[in-house]
Amino acid sequence: NPRILMIGAGGVATVAAYKIVQNLDVFGEFMIASRRKAKCDELVNAIHAKGYKADIKTAQVDADDVEQLKALFSEFKPDLVINLALPYQDLTIMDACLACGCNYLDTANYEPKDEAHFEYSWQWAYKEKFEQAGLTAILGCGFDPGVSQAFTAYAAKHYFDEIHYLDIVDCNAGNHHKAFATNFNPEINIREITQKGLYYENGEWVETEPLAVHQDITYPNIGPRDSYLMHHEELESLVKNFPTIKRARFWMTFGQQYLTYLDVIQNLGMSRIDEIEYEAPLADGSGKTEKVKIVPLQFLKAVLPNPQDLGENYDGETSIGCRIRGIKDGKETTYYVYNNCKHQDAYNETGMQGVSYTTGVPAMIGAMMFVKGLWRKPGVWNLEDFDPDPFMEQLNKQGLPWHEEFDKDIEL
Ligand code: NDP
């Protein structure tokens, strides 16, 4: 029986845990480890309270510390480690996997803490090491990155001889009824959104000012929504793996209120990721203070709503898909493949909102592909490197059904 170790017990991990438990015929021993063991135990209790009778082990681990990871891996001996902690921990977990002979899967590319920089180079540099160790590493197996690449690979396999234009369109038309909140880890989310935009055209990367390029895009069952061009990591691997692509872009919707708050946060300096000195009261209650170093964005995270608590009052739905134009049998053709996910459906099943759901479900399916031996090859891979068909089949079965439109006017 395959032994699965999941690291992290946040929003995405919660969904993945439910999904693993729903598929215990495929998965064997299951352990959840995170920075705080109590969080893992809470999650297991919630799963049991929903009536699932799974035997799930829990453990404490600081995933920034390779030695702690190695000790845990040597003891539990996982076949696959699912990294659903934060992007900062990708490399330490990959190092520990190499040291202990474990395979690896994550949902976001590595980011250094002191530099919001999104690219695969750090993780691709592990390719040879994973090859030599005979181990598989699956990178970016959430929705986007993740399903967006499986969608593109599926289109390339079945409907196109050459893909020329690719637009990944990501809409969250939900409402959590909070003045301001992020849908996944606030620190990671705000770092991502305040970055410069980037897209690929005619062999070159074109940079734009943050959120400077935007237009209305019409989403199925939702309607038109203002959508902003952003840099997104999967574009880097997609244009490499599909060299016929002439232009690749990523769009995400933001409401006006969200953007106003974001602007204020930035202008106040609260999105800074460098350390500042802060005069904090001593814990002894003496009224005296001491100088401590804090990162403003981490402080902001502590006062913002926890994305895991948004689900209950979240209505509306997400819609994420790929709009593709290219050539099949000498003829120009267009293809749009997408999934819509209702926040309340996600909440009823897992207690989490749709953004955690659309990430956690593909993470489980990727793990399932590995465990079934369908996606298993030594090296470090992005999703489009694997056969999309069995993954696409599971999306339909595991709560993220997708839909196709052919030869429609999808031009952006
Ligand atoms: P959360 O902040 O909710 O969860 C992160 C979890 O990791 C928490 O349980 C946290 O512990 C734990 N953790 C953090 N640091 C460490 C550490 N050093 N050692 C051990 N555990 C640690 O984040 P999300 O669930 O929202 O996101 C998880 C991942 O999914 C992120 O990498 C995010 O970028 C990615 N993501 C990917 C998407 C995609 O479509 N591909 C979309 C959305 C997210 P604690 O509970 O104690 O804080």
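Up top is the structure.
Numbering of residues begins from 1 in every chain and follows the order in which that chain's sequence is written. Given that the model is predicted, a residue must reach a pLDDT of at least 70 before its local features are reported, and side-chain atom pairs must reach 80 or more before they are shown or counted; all residues, however, enter totals for whole chains, interfaces and linings. Derived side-chain values reflect all non-hydrogen atoms in the structure, with water molecules and hydrogen atoms excluded from consideration.

(A) Expanded view of the overall build of the protein. For helices the rule is a DSSP run of H or I covering at least 4 residues; for strands it is a run of E covering at least 2, with both sets numbered from the N terminus onward. Of the regular secondary structure elements, the protein holds 14 helices and 18 strands. Reported as C-alpha extents along the three principal axes, the dimensions of the protein are approximately 75 × 50 × 40 Å. A buried classification covers 56% of the 412 residues belonging to the protein. For this analysis, residues touch if any pair of their heavy atoms sits within 4.5 Å. In the protein, the proportion of contacts linking residues at least 24 apart, taken out of those at least 6 apart, comes to 73%. Summed over its atoms, the accessible surface of the protein is roughly 17200 Å², and 47% of this surface lies on carbon and sulfur atoms. Here the term buried applies to any residue with accessible area under 20% of the maximum for its type, exposed to any over 50%, and partly exposed to those in between, with areas from a 1.4 Å probe on protein chains only. Residue burial considers only the protein chains on display, and all accessible areas are found by Shrake-Rupley using a 1.4 Å probe.

(B) Expanded view of the pairing of strand β7 (residues 162-172). Burial analysis of β7 places eight of its 11 residues in the buried class, which makes it a mostly covered element. The pairing of β7 with strand β15 (residues 317-328) spans 10 bridges and is antiparallel. Across the sheet, residue Leu-166 finds its bridge partner in β15, namely Ile-324. Paired strands, in this sense, are two strands between which DSSP finds at least two bridges. Sheet topology places β7 next to strand β12 (residues 247-253); six bridges connect them, and they run parallel.

(C) The layout of surface pockets, seen in detail. With a 1 Å grid spanning the protein atoms alone, the term cavity applies to any set of points in which a 1.4 Å probe fits but cannot get out, the term pocket to an open set with protein on both sides within 12 Å along at least five of seven lines, and the term lining residue to any residue with an atom within 4 Å of a point. Grid points are joined across faces, edges and corners, and a volume is the space filled by probe spheres set on the points. Approximately 230 Å³ is the volume attributed to the second largest pocket. Contributing to the lining of the second largest pocket are Ala-116, His-117, Phe-118, Glu-119, Gln-195, Lys-196, Gly-197, Leu-198, Trp-205, Glu-207, His-231 and Glu-236. Secondary structure elements with two or more residues in the lining of the second largest pocket: β8 (197-201) and β9 (204-208). In the lining of the second largest pocket, the residues fall into four nonpolar, four polar and four charged. Gly falls in the polar group here, along with every residue not listed as nonpolar (Ala, Val, Leu, Ile, Met, Phe, Trp, Tyr, Cys, Pro) or charged (Asp, Glu, Lys, Arg).

(D) Expanded view of the site of the ligand. What surrounds the ligand is a group of 29 residues, the closest being Val-12, Arg-35, Arg-36, Ala-63 and Asn-185. Gln-89 places a side-chain nitrogen or oxygen 3.3 Å from a nitrogen atom of the ligand. In protein, a polar contact means a hydrogen-donor-capable atom and an acceptor-capable atom, both N or O and within 3.5 Å, with residues adjacent in sequence counting only if both atoms are side-chain atoms; elsewhere, any N or O pair within 3.5 Å suffices. Between the ligand and Asp-144 there is a distance of 3.1 Å, counted from an oxygen atom to a backbone nitrogen or oxygen. For the ligand, the protein covers 94% of the area, taking 930 Å² as the surface of the free molecule. Throughout this document, a residue counts as near a molecule or strand when at least one of its heavy atoms sits within 4 Å of that molecule or strand.

(E) Fine view of the pairing of β8. Counted residue by residue, β8 has four buried out of five residues, so it is predominantly covered. Judged from the five bridges that link them, β8 and β9 form a sheet pairing that is antiparallel. Each bridged residue has a counterpart across the sheet, and for Tyr-199 the counterpart in β9 is Val-206. Where β8 folds back on β9, the antiparallel hairpin that results is connected by two residues, among which Asn-202 adopts a positive phi of roughly 45°. Relative to β12, β8 runs antiparallel, the two being bridged by two bridges. Within β12, the position partnered with Tyr-200 by the bridge is Ala-248.

(F) Quick look at helix α4 (residues 90-100). When we look at burial in α4, the residues that qualify are Asp-90, Leu-91, Thr-92, Ile-93, Met-94, Ala-96 and Cys-97. At the C-terminal side of α4, Gly-101 shows a positive phi close to 70°.

(G) Up close: the sheet that holds strand β6 (residues 136-139). Judged by pairing direction, the sheet is parallel, and its seven strands sit side by side in the order β3-β2-β1-β4-β5-β6-β17 without closing on themselves. The two strands at the open ends of the sheet, each matched to only one other strand, are β3 (56-60) and β17 (379-382). Going across the sheet, the axis of each strand differs from the next one's by a mean of 20°, ignoring polarity. Bridge count between strand β5 (residues 103-106) and β6: two bridges; the pairing is parallel. Opposite Leu-105, over in β6, you have Ile-138 as the bridge partner. Angles shown run from 0 to 180 degrees and are taken between the N-to-C directions of axes, each axis being a line fitted to C-alpha atoms and, for helices, limited to the stretch in contact. Docked against the sheet, helix α3 (residues 66-76) engages β1 (3-7), β2 (29-34), β3 and β4 (80-83), running at close to 155° with respect to β1. The strands touched by α4 are β1, β4, β5, β6 and β17; relative to β5, the strand with the most contacts, the crossing angle is about 165°.

(H) Spatial organisation of the pattern of salt bridges. A carboxyl oxygen of Asp or Glu within 4 Å of a side-chain nitrogen of Lys or Arg is what we treat as a salt bridge. Per the stated rule, a full pass over the model turns up 18 salt bridges. The salt bridge partner of Asp-41 is Lys-37, with a shortest N-O separation of 3.1 Å. Of this pair, Asp-41 and Lys-37 are both found in helix α2 (residues 37-49), four residues apart, which corresponds to roughly one turn of the helix. Of the residues examined, Asp-41 reaches a relative accessible area of 26% and is grouped as partly exposed. Among the ionic pairs, Glu-111 bridges to Arg-191, the shortest N-O distance being 2.8 Å. In this pair, Glu-111 is assigned in the loop between β5 and α5 (121-124) and Arg-191 in helix α8 (residues 186-193), connecting sequence segments 80 residues apart. Here Glu-111 and Arg-191 have matching classes, each one buried.

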